[in-house]
Amino acid sequence: MDDNPAVIPDQVMKGVTRRNFIKGVIAGGTVASSATYLFRASSLLGQQPSGLGERLITLNVNRQQRRGEVMKQETLAWTLRYKLGLTGTKLGCDRAECGACTVLLDDVPHYSCSILTHTVRGKKILTIEGLANPDGTLHPVQQGVIDEQGFQCAFCMSGFIMSAVGFLKTNPNPTRLQMAHGLSGNLCRCQDYDKILTAMMRGAENMRKA
Ligand code: FES
Ligand code: FES
């Protein structure tokens, strides 16, 4: 048998259409990639997806009581993404530098990668998934992003939006410079800052009109 994995033996291809074969490879590759990502994440973060030492706690997330088992060293970003399935909160640096993981705790922006989950019991946690109205109407800052098409890859978008929403609670009518200072804890790897700032300023305007 040929050792080259790119060579498909005839007997394997018998009864398999080329189209179905390719679809199978794509599906398999996706599963493998996801598994690799999850494994890598758990290794890098020093956190296991489940295991000993977990305690059942209740969190107020997006106006809902969510129960889950967490470890004492588990970060809020980890809990949100991998325990509660709220993957809108992104993990970039995982060390309090990029702001991709920003969520609101009692209306104040925080890096969820650098907060232990068990310490936020009793606080109101708001993630990007909880911003829109229950009827589907987007938050004015989210609408500002759509109005201005403010991001390129958008990996940093959730963090910027959550930071802007928190900042606008303290300063609803900022200058562009003030907004830039308010968002200075968020980084964009695509370096799309000018467009992002324009989108956030449009969001502020939308909020004042709302
Ligand atoms: S992932 Fe939390 S600040 Fe970068
Ligand atoms: S738009 Fe790509 S990281 Fe910000």
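Up top is the structure these notes are about.
**So, the overall build of the protein chain**
Phase 1: For the protein chain, the count of helices and strands is seven helices and five strands.
Phase 2: Reading the helices (α) and strands (β) of the protein chain from amino to carboxyl end gives α-α-β-β-α-β-β-β-α-α-α-α.
Phase 3: Sorting the 210 residues of the protein chain into buried and exposed places 38% on the buried side.
Phase 4: Long-range contacts, defined as pairs at least 24 residues apart, comprise 59% of the intrachain contacts of the protein chain with a sequence gap of at least 6.
Phase 5: In the form shown here, the protein chain has an accessible surface area of approximately 12300 Å², with 55% of it arising from carbon and sulfur atoms.

**Focus: the pattern of salt bridges**
Phase 1: All told, the structure shown has eight salt bridges when counted by the stated rule.
Phase 2: Residues Arg202 and Glu148 are paired through a salt bridge, measuring 2.9 Å at the closest nitrogen-oxygen approach. You can see Arg202 sitting in helix H7 (residues 193–209) and its partner Glu148 sitting in helix H4 (residues 140–148), a full 54 residues away along the chain.
Phase 3: In this structure Arg202 comes out as partly exposed when scored by relative accessible area, which is 28%.
Phase 4: The structure contains a network of salt bridges with shared partners spanning Glu54, Glu74 and Lys83.

**Quick notes on the sheet that holds strand E5 (residues 124–126)**
Phase 1: One open sheet holds the five strands; their spatial order is E2-E1-E5-E3-E4, and the pairing between them is mixed. Sheet topology places strand E2 (64–70) and strand E4 (108–111) at the edges, where each strand pairs with a single neighbour. Neighbour-to-neighbour, the strand axes of this sheet turn through a mean angle of 45°, independent of strand direction.
Phase 2: Alignment of strand E1 (residues 55–61) against E2, held across seven bridges, turns out to be antiparallel. From the neighbouring strand, Asn60 faces E2, where its bridge partner is Gln65.

**Notes on the nonpolar core**
Phase 1: Counting 24 residues, the largest nonpolar core has Ile161, Met179 and Met200 as its most contacted members.
Phase 2: The set of elements that each furnish at least two residues to this core consists of H4, helix H5 (157–170) and H7.
Phase 3: With seven residues, the top contributor of residues to this core is H5.
Phase 4: With residues near it in sequence (within four places) discarded, Ile161 still touches Ile128, Leu131, Val141, Gln142, Val145 and Met200.
Phase 5: If you look at the next biggest cluster of nonpolar residues, it comprises 13 residues, including Ile57, Leu84, Val103 and Ile115.

**Focus on the side chain of Thr127**
Phase 1: Relative to the assigned elements, Thr127 resides in the loop between E5 and H4.
Phase 2: Ignoring sequence-local partners within four residues, the contact set of Thr127 consists of Val61, Asn62, Leu80, Leu86, Thr89, Val103 and Met162.

**Focus on the packing of aromatic side chains**
Phase 1: Applying the stated criterion across every chain, the model contains three aromatic pairs.
Phase 2: With centroids separated by 4.4 Å and ring planes inclined at 55°, the aromatic side chains of Trp78 and Tyr82 adopt a geometry described as tilted. Of this pair, Trp78 and Tyr82 both sit in helix H3 (residues 76–83), separated by four residues, roughly a single helical turn.
Phase 3: Classification of Tyr82 by relative accessible area gives partly exposed; the value is 24%.
Phase 4: Through successive ring pairs, a cluster of aromatic residues spans Phe151, Phe160 and Tyr193.
Phase 5: The ring of Phe155 is capped by Arg189, whose NZ or CZ atom sits 5.0 Å from the centre of that ring.

**Observations regarding the packing of H4 against H5**
Phase 1: At a closest axis distance of 9 Å, the pairing of H4 and H5 adopts a crossing angle of 130°. As far as their axial angle goes, H5 and H4 are oblique. Two packed elements cross with a definite hand, and for H4 against H5 that hand is right-handed. Where H4 approaches H5, its residues Val141, Gln142 and Val145 are matched on the opposing element by Met157, Ile161, Ala164, Val165 and Leu168.
Phase 2: Of the residues contributing to the contact of H4 with H5, the split by class is seven nonpolar, one polar and no charged.

**A few points about the pairing of E4**
Phase 1: For strand E3 (residues 102–105) and E4, the ladder comprises four bridges, and the chain directions are antiparallel. Paired with Thr102 across the bridge in E4 is Tyr111.
Phase 2: In sequence, E3 turns back onto E4 through a hairpin of two residues, with Asp106 there showing a positive phi of about 50°.

Rules of the game
- Residues numbered from 1 in each chain as written.
- Chains lettered and ligands numbered in written order.
- Predicted model: local features only at pLDDT ≥ 70, side-chain atom pairs only at ≥ 80, totals over all residues.
- Heavy atoms only, no water.
- Helix = DSSP H or I, 4+ residues; strand = E, 2+ residues; numbered from the N terminus.
- Buried < 20%, exposed > 50% of the residue type's maximum accessible area, 1.4 Å probe, protein only.
- Contact = heavy atoms within 4.5 Å.
- Areas by Shrake-Rupley, 256 points an atom, 1.4 Å probe, with all protein chains shown as cover.
- Salt bridge = Lys/Arg side-chain N within 4 Å of Asp/Glu carboxyl O.
- Pairing = 2+ DSSP bridges.
- Axes fitted to C-alpha atoms, helices over the stretch in contact; angles between N-to-C directions.
- Core = buried A, V, L, I, M, F, W, Y, C linked by side-chain atoms within 4.5 Å.
- Phe/Tyr/Trp six-rings, centres within 6.5 Å; stacked < 30°, edge-to-face > 60°.
- Lys NZ or Arg CZ within 6 Å of the ring centre and 35° of its normal.
- Parallel < 35°, antiparallel > 145°, perpendicular 65-115°, else oblique.
- Left-handed = near helix turned anticlockwise from the far one by under 90°.
- Nonpolar A, V, L, I, M, F, W, Y, C, P; charged D, E, K, R; others polar.

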